[in-house]
Amino acid sequence: MSQDLLPPVAPSVTAELVEGLSPRLRKRLDAGIAKLAARPVVRDGDTVRIAVDDDTDLELHAPEGAVTSADAIRCGCLLAPDCLHRAAAASAAPVAEAVPDSAPAAPAAEGASRPPDDETAAPAQLAAARAVYDAAAAVLEAGADGSGAVLQAELLRAAHTARLAGLPRVAAAAVSVVNGVRAARSADPAHRLPDLVDALRTVLGMAHRLPFATGRDLAELRGGVRQPYTPDGSLRLYGLFSEPVLTTTGYAGAVTWTADAEGRLYTVSDVAPGGPGRATGAADRAVRIGDTALTHRELSRAGLAVSGATVSATGRLGAGAGVRAVRASGAAWSAEPLDRLWAVPVAEQVARALAGGHGLLFLDVTLAGTVREAAGDRLLADCEGRTVRLAVAHDDPALPYRENLRLLAAARGSRLRVVARLAPGPLPRALLLAAEHPARAGERVDLGLDRLQRADLPTATAAPAAAPPVDEAPLHLLRRRVDQAVSGGRRVLGFPDSGAGDGGRLRRVGLATAGELLGELRSTAADRSRDAFGRLLPADTGRFARAWLAAAVYTGEVERALCAAAWGADAEVGAESGAEVVATSR
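Residues numbered from 1 in each chain as written. Predicted model: local features only at pLDDT ≥ 70, side-chain atom pairs only at ≥ 80, totals over all residues. Heavy atoms only, no water.

So what exactly am I meant to see when it comes to the pairing of strand 1 (residues 41-44) here?
Sheet faces and side chains relate simply in a regular strand, where the side chains alternate between the two faces. Judged from the 4 bridges that link them, strand 1 and strand 2 (residues 47-51) form a sheet pairing that is antiparallel. Paired with Val42 across the strands is Arg49, a residue of strand 2. The hairpin turn running from strand 1 into strand 2, its antiparallel successor, is 2 residues long, and Gly45 in that turn takes a positive phi close to 65°. (Pairing = 2+ DSSP bridges. Helix = DSSP H or I, 4+ residues; strand = E, 2+ residues; numbered from the N terminus.)

Would you mind going over helix 15 (residues 476-488) with me for this structure?
Residues that lie three or four places apart on an α-helix share one face, since the helix turns once every 3.6 residues. Its 13 residues place the ends of helix 15 17 Å apart at the C-alpha level, agreeing with the 18 Å of an ideal helix rising 1.5 Å per residue. If you follow the buried residues of helix 15, they end up packed against helix 5 (122-146), helix 8 (193-209), helix 16 (502-508), helix 17 (512-526) and helix 18 (541-567). With its phi angle positive at about 90°, Gly489 sits one or two positions after the end of helix 15. (Expected span 1.5 Å × (residues − 1). Contact = heavy atoms within 4.5 Å.)

Help me out: how do you make sense of the nonpolar core in this one?
Soluble globular proteins tend to bury their nonpolar side chains together. Leu140, Leu200, Val203, Leu204 and Trp548 are the most contacted members of the largest nonpolar core, which has 64 residues in total. When residues of this core are traced back to their parent elements, those giving at least two are helix 5, helix 6 (149-164), helix 7 (168-185), helix 8, helix 9 (215-222), helix 15, helix 17 and helix 18. Counting residues per element, this core draws most heavily on helix 18, at 11 residues. What Leu204 contacts, discounting residues up to four positions off in sequence, is Tyr133, Ala136, Ala137, Leu140, Trp548 and Leu549. (Core = buried A, V, L, I, M, F, W, Y, C linked by side-chain atoms within 4.5 Å. Buried < 20%, exposed > 50% of the residue type's maximum accessible area, 1.4 Å probe, protein only.)

Would you explain the packing of helix 3 (residues 29-37) against helix 4 (residues 84-92) in this entry?
Relative orientation and spacing of two packed helices are given, respectively, by the angle between their axes and the distance between those axes. Between helix 3 and helix 4, the least distance of the axes is 9 Å, while the angle of their chain directions is 75°. Considering their axes alone, helix 3 and helix 4 lie roughly perpendicular with respect to each other. Contacts between helix 3 and helix 4 involve Leu29, Gly32, Ile33 and Leu36 on the former and, on the latter, Leu84, His85, Ala87, Ala88, Ala89, Ser91 and Ala92. For the contact of helix 3 with helix 4, the class distribution of residues is 8 nonpolar, 3 polar and no charged. (Axes fitted to C-alpha atoms, helices over the stretch in contact; angles between N-to-C directions. Parallel < 35°, antiparallel > 145°, perpendicular 65-115°, else oblique. Nonpolar A, V, L, I, M, F, W, Y, C, P; charged D, E, K, R; others polar.)

I keep staring at the packing of aromatic side chains and nothing clicks. Help me out?
Centre distance and the angle of the planes are the two values used to describe a pair of aromatic rings. Per the counting criterion, the structure on display carries 3 aromatic pairs. Ring geometry for Phe241 and Trp257: centres 6.2 Å apart, planes at 10°, overall stacked. Remark: Trp257 occurs in strand 6 (residues 251-259) and Phe241 occurs in strand 5 (residues 230-246); sequence separation between them is 16 residues. For the pair Phe241 and Trp257, a shared accessibility class is recorded, and that class is buried. On the numbers, 5.0 Å between centres and 35° between planes, the contact of Trp333 with Trp342 is tilted. An identical accessibility class is assigned to Trp333 and Trp342; each is buried. Three or more aromatic residues joined by ring pairs make a cluster, and in this case those are Trp333, Trp342 and Phe362. (Phe/Tyr/Trp six-rings, centres within 6.5 Å; stacked < 30°, edge-to-face > 60°.)

So what exactly am I meant to see when it comes to the environment of Arg421 here?
As for its placement among the helices and strands, Arg421 is situated in strand 13 (residues 415-422). Here the alpha-carbon distance between Arg421 and Leu432, two residues 11 residues apart in the chain, equals 6.6 Å. Leaving out residues up to four positions away in the same chain, Arg421 has contacts with Glu243, Trp257, Gly359, Leu360, Ala430, Leu431 and Leu433. Reaching out from Arg421, the side chain makes a polar contact with the side chain of Glu243 at a distance of 2.8 Å. (Polar contact = N/O pair within 3.5 Å; in protein donor to acceptor, adjacent residues only side chain to side chain.)

What follows is the structure, given as C-alpha cells:
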C-alpha cells in the first residue's frame, strides 16, 4: 500500500481513533500499520478501499479530498468500529494540513483558526502550547526510532488543540515533526535528519517562548491560517527556472520562479497531494494564472504579462478570478533584466538569505570536479575565489538531480551561471537547482526536471578530488549529540561513553558555552532517579527537552555565524540564545 494512494486524514481524526483503542490494541498499532501496508488498495472516486483480508474491506471516504471525521473511515470486520484497522489506516495516511507555502491556499472557513480577540482566550493558548511542548518532548525522549503511531497521535492531538486555540503556526510546526518522524521510520528517500532536527527545534522553541512573548513576537508565534494576497497591479515577468516539489507531508508539484524588471522574485506554483509522479508531471501542466496555456516548463524560459495581479508576502502569485495573464517574451540569464540578479555580490546574497530571504543564490562558477563527503558526492566549484560545495536539492531517485550533478562533473573547467539554494553550515554549501547547459550556449537546465544527456557533454570524467583543507571549529561535537538525540532518543546519550571528553575539547578551543551545553545535555540524559525500593522513577522529559533545545538553538546560531563568515557575509546572530533557553528553564 503506497501512502500516495491514501487520502489525507485530519490530525483530529487520527488522534481520536488512536485514543479510542484499548491499551492492548495500542501496543499492536505499529504492527497493524505495517500489516495494512502490505494489503491492496483501490481508489474509486472519493473512496479508497483497502482489502484487510479476502472477506473484509476498509473504506476511507474523502468527498472533499481529505478525511475530516472518524465516521468517514469504516471497517467491515467484526470488531468495528472499535477495531485496530481504522486507527492503522488513519496513522498510515498523509496528514491533512494547510497546503505548503509554495502552493495556493484555499480560503479559510469563516471563523476557523482565527486568533482570539480577547484576553480570555490567552489561558487556552498557554494550555495548548504546553500540550504541544509535552507531546514534542515525548517524541524527543523516544527519538524517531521509538516514536510509533501512539506518540505521533498524541502530537497530532496537541496540534489540533493548538489550531483551535488560535495557534496555527505552532500547530503546523507540530505536524511537520510528525511528518518528519514518519519519513524517518519508513526510510523515505526524502527524509533528512537535519530537517527533522530543525522541525523539532522549531516546535519546542515556539511552545517554550509563547508564555513569555508579547506584542509582535506573540503575533508571529500565533501565526495565521493563510498568507494574505494583496493587489499588485500589472506585472511584466521573466521566467528563471522551475523546480519540482516533493514533500514528506504528501504534497507534490512544481514551482516556477520569475523576476520582474527590478529583480523582484515571484513564484507560480501547482502543488497538491501526490507523490513523485506528480512532481515530475506538474512541469508540463498549464500554469494556473489567467487564461494562459503556458506550462511551467515553458514559463521558466518565457515571460508573462499579468494584470490585476495579487501577491503574497513571499512573492507567490494568486490565481483569483480577476487575474489576467498572457504569454510574453522571455530573457536570457545573461541579458537584462535577469542579468542583474547575478550582479549582486555573493556575500550580499548570502546575508539576505540568512536574514530570512528567499534563500536563492545566483552564482557565476567554474566547475572543479567532485569531492566525496559522508553525505555523498559534492560538485566543487570556484566562486569569487572561494570553493563552494554544490549538492543535490532532493534525494528522491525519481527526480534527476543526482544524475545531472554527476554528469556536470564531466564539464570540469566550464564557466557556468547557476541558481542554487543556500545550505547553511560552516562551509560554503548550496543546493543546485538550475544551470546553464555546459555544451549548448544560451540553453539552461532545470536540474530537478530536465535530464542532461551524456552524449551532449564532454567525454572526460572527473575523479573525486581531495577536499581543500579546512580549519574548522569542532562544533560538530555538539551537533552530533543534538542529532543523535532526535534519531535514537534520550537513551543514546545516556551511555557512559557518549561524548565523554568532548566538553573539555570544546572548552579548550574557546567554545565554553558549547561545552557547558553538552555537559548539561549528557547530564540530563543520564539522570534517572530511583525510589526507595530501587525502582526507576519516570524520566524528567521536560528537563531533557530544555537541555536539548538550548543545545540545538545554540548550535544553529553558531553554524549560521560560521556560514556567514565562510561566504564573507555580514549576519546578526544570537548564539547565546541557546544558553538563555537553559537559564529561563531553571
